[in-house]
Amino acid sequence: MNDLRIALIQHEIVPNNPQHNLDVFAQEMLLAKGCDLVILPEVFTTGFCAGARNYAESIDGRAYEWMARQAQTLEAVVTGSLVVKEGENYFNRLVWMRPDGTYTHYDKRHLFRMAGEHTRYASGNKRVLVEVRGWRVLPLVCYDLRFPVWSRNRGDYDLAIYVANWPVARELHWNRLLQARAIENLSYVAGVNRIGLDEKHQHYDGDSSVYGPDGIELLQAKAASGCFIVQLSVQRLQEYRTAFPAHMDADNFELRD
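For the structure given in this document, a descriptive report is provided here.

Rules and cut-offs
Residues numbered from 1 in each chain as written. Predicted model: local features only at pLDDT ≥ 70, side-chain atom pairs only at ≥ 80, totals over all residues. Heavy atoms only, no water. Salt bridge = Lys/Arg side-chain N within 4 Å of Asp/Glu carboxyl O. Helix = DSSP H or I, 4+ residues; strand = E, 2+ residues; numbered from the N terminus. Buried < 20%, exposed > 50% of the residue type's maximum accessible area, 1.4 Å probe, protein only. Pairing = 2+ DSSP bridges. Right-handed = clockwise from strand over helix to strand, strands pointing away. Axes fitted to C-alpha atoms, helices over the stretch in contact; angles between N-to-C directions. Contact = heavy atoms within 4.5 Å.

## Focus on the pattern of salt bridges
Then, number 1: Considering all chains together, one arrives at 11 salt bridges under this definition.
Then, number 2: For D107, the salt bridge identified is with R93, shortest N-O distance 2.6 Å. Of this pair, D107 sits in strand 5 (residues 103-107) while R93 sits in strand 4 (residues 89-97), placing them 14 residues apart in sequence. The burial state of D107 is the same as that of R93; both residues are buried.
Then, number 3: Note that R241 is salt-bridged to D158, the shortest N-O span being 3.0 Å. With R241 in helix 6 (residues 234-243) and D158 in the loop between helix 4 (148-151) and strand 8 (159-163), this residue pair connects regions lying 83 residues apart in the sequence. Note on accessibility: R241 and D158 belong to one class, buried.
Then, number 4: Overlapping salt bridges bring together E42, K108 and E117 as one network.

Now the structure itself:
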């Protein structure tokens, strides 16, 4: 396990125009060369829009191939969520694409009912853990951030990531909850959000950020567009967990559907 260099790609997403979005993100990602992990926002090909299902990706389709090419070129894991159709169901699916073209996926568990997401998509039911350079990672999507039990560190991860389309109207919640998840789980937390306006003229102000296991902010992108890079320290993680081992007094629990 070595220090981990991660890139957060924060950009506007044009609704219902996957090819444009792929082209724009590819340009931004050129600056991520040398990173181990590149993180894109939630539904980065379409945005969180009513017509997103019309542009749903098939398994191993265009966006999967694009992610595989980017991961191979950058020699890094590339991750972000897509609208994916599998059988008769649609999923808000985070894809964890490795440089060798293999991948793992996580289907968003908590669907945002205030926008009717639960009526258009199927919910995931599996908590997924992945690995990069010896780091154990818990990947989650947007609204999952509000549910601490689902994010709970059971001694099985070092970094949690949240990819999102989180509007400026609730930016206070975004910033406070990311920091809280880091503090309560004694882990690094990275949140990657979009900027710009969606088709309903809802404003997104970014605030992609990274917090250390002590809750200290390491990166805050604010409303800027671009590629933001930060290095996560193994030593800092291990020393903090040793100095403040609150996890040893945590309550045991069993999660049931």
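Back to the write-up after that little detour.
## Description of unusual backbone geometry
Glycine aside, residues mostly have negative phi angles, and peptide bonds mostly take the trans form.
Then, number 1: One non-glycine residue with positive phi stands out, namely E75, at about 55°.
Then, number 2: Relative to the elements of secondary structure, E75 occurs in the loop between helix 2 (62-74) and strand 3 (77-86).

## Quick notes on the pairing of strand 3
Then, number 1: Counting buried residues along strand 3, 8 of its 10 residues qualify, which places the element largely inside the surrounding structure.
Then, number 2: One ladder, built from 3 bridges, connects strand 2 (residues 37-39) with strand 3; its direction is parallel. Bridged to I39 within strand 3 is T79.
Then, number 3: Running through helix 2, the crossover from strand 2 to the neighbouring parallel element strand 3 is right-handed.

## Brief notes about the sheet that holds strand 5
Whether parallel or antiparallel, the strands of a sheet pair through hydrogen bonds between backbone atoms.
Then, number 1: On the basis of which strands lie adjacent, the open sheet formed by 6 strands has the order 5-4-3-2-1-14 and mixed pairing. Here the strands that pair on one side only, and so sit at the sheet edges, are strand 5 and strand 14 (226-232). Strand-to-strand twist in this sheet, taken as the mean axis angle between neighbours without regard to direction, amounts to 30°.
Then, number 2: Bridge analysis of strand 4 against strand 5 gives 5 bridges, and the strand direction is antiparallel. Residue pairing across strands places W96 opposite T104, the latter belonging to strand 5.
Then, number 3: The strands touched by helix 1 (residues 18-29) are strand 1 (4-10), strand 2, strand 3 and strand 14; relative to strand 1, the strand with the most contacts, the crossing angle is about 140°.

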